[in-house]
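One-letter residues, chain by chain:
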Amino acid sequence: MAARTGLLQIGQVAERTGLSLRTIRFYEEHGLVRPTSRSDGGFRLYSDDDVARLEVIKRMKPLGFTLEEMQELLTLLSGLAERPGDAALADRLRMFHEATTARVHALREQLSIAEGFAADLAVRLG
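Computed from a prediction, not measured in an experiment: that's the story for all the values here.

Participant: Describe the nonpolar core, and please don't skip the residues or the numbers.
Facilitator: Grouped burial of nonpolar side chains is what soluble globular proteins tend to show. Counting 23 residues, the largest nonpolar core has V13, I24, L54 and I57 as the members making the most contacts within it. For this core, the secondary-structure elements that each account for two or more residues are α2 (10–17), α3 (21–29), α4 (48–60), α5 (67–82) and α6 (87–125). In terms of residue count, the dominant contributor to this core is α5 (5 residues). Aside from chain neighbours lying at most four places away, what touches V13 is L8, G18, I24, Y46, V51 and L54.

Next comes the structure, spelled out in structure tokens:
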């Protein structure tokens, strides 16, 4: 049925996004994503928009964003899609961009430290 409607079952979404079924269900339980519909058999069916939401969540996770921040950004992105010229939404998006940039910088610093440590251990191995 999913193929006829253009909707994907949760297993297909998991394959496409690289997220586990459990993770997708977790995000659903916390209101970050909701299946577009259900099949006659009760299977969750997801649209391309649902998959895109999960991709945004997946990209936010390693940056340490909270579930609340994820929900806020997803709501913000939906608002901007509906009202692209909204200055208040653009300002809020700018704040998320700045926070993301700062978190990426912090991760790069941590990676540099980890790489230095790995190099030191490699030297000790001879």
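Participant: Explain the sheet that holds strand β1 (residues 8–9) residue by residue, including any values.
Facilitator: Taken in spatial order, the 3 strands of this open sheet run β1-β3-β2, and their pairing is antiparallel. Of all strands in the sheet, those bounded by a partner on one side alone are β1 and β2 (37–38). Both β1 and strand β3 (residues 44–46) contribute to a ladder of 2 bridges, which runs antiparallel. Looking across to β3, one finds that L8 is bridged to Y46.

Participant: Requested: an account of the packing of aromatic side chains, with residues and values cited.
Facilitator: Applying the stated rule across the entire model yields 2 aromatic pairs. Taking the centre distance of 5.7 Å and the plane angle of 65° together, the rings of F26 and Y27 count as edge-to-face. Overall, the relative accessible area of 34% leaves F26 in the partly exposed class. Centroid distance F65 to F96: 6.1 Å. Interplanar angle 35°. Geometry classified as tilted. Taken as a pair, F65 in the loop between α4 and α5 and F96 in helix α6 lie far apart in primary sequence, 31 residues in all. Judged by its relative accessible area of 6%, F65 falls in the buried class. By relative accessible area, which is 6% here, F96 ends up buried.

Cut-offs and rules
- Residues numbered from 1 in each chain as written.
- Predicted model: local features only at pLDDT ≥ 70, side-chain atom pairs only at ≥ 80, totals over all residues.
- Heavy atoms only, no water.
- Core = buried A, V, L, I, M, F, W, Y, C linked by side-chain atoms within 4.5 Å.
- Buried < 20%, exposed > 50% of the residue type's maximum accessible area, 1.4 Å probe, protein only.
- Helix = DSSP H or I, 4+ residues; strand = E, 2+ residues; numbered from the N terminus.
- Contact = heavy atoms within 4.5 Å.
- Pairing = 2+ DSSP bridges.
- Phe/Tyr/Trp six-rings, centres within 6.5 Å; stacked < 30°, edge-to-face > 60°.

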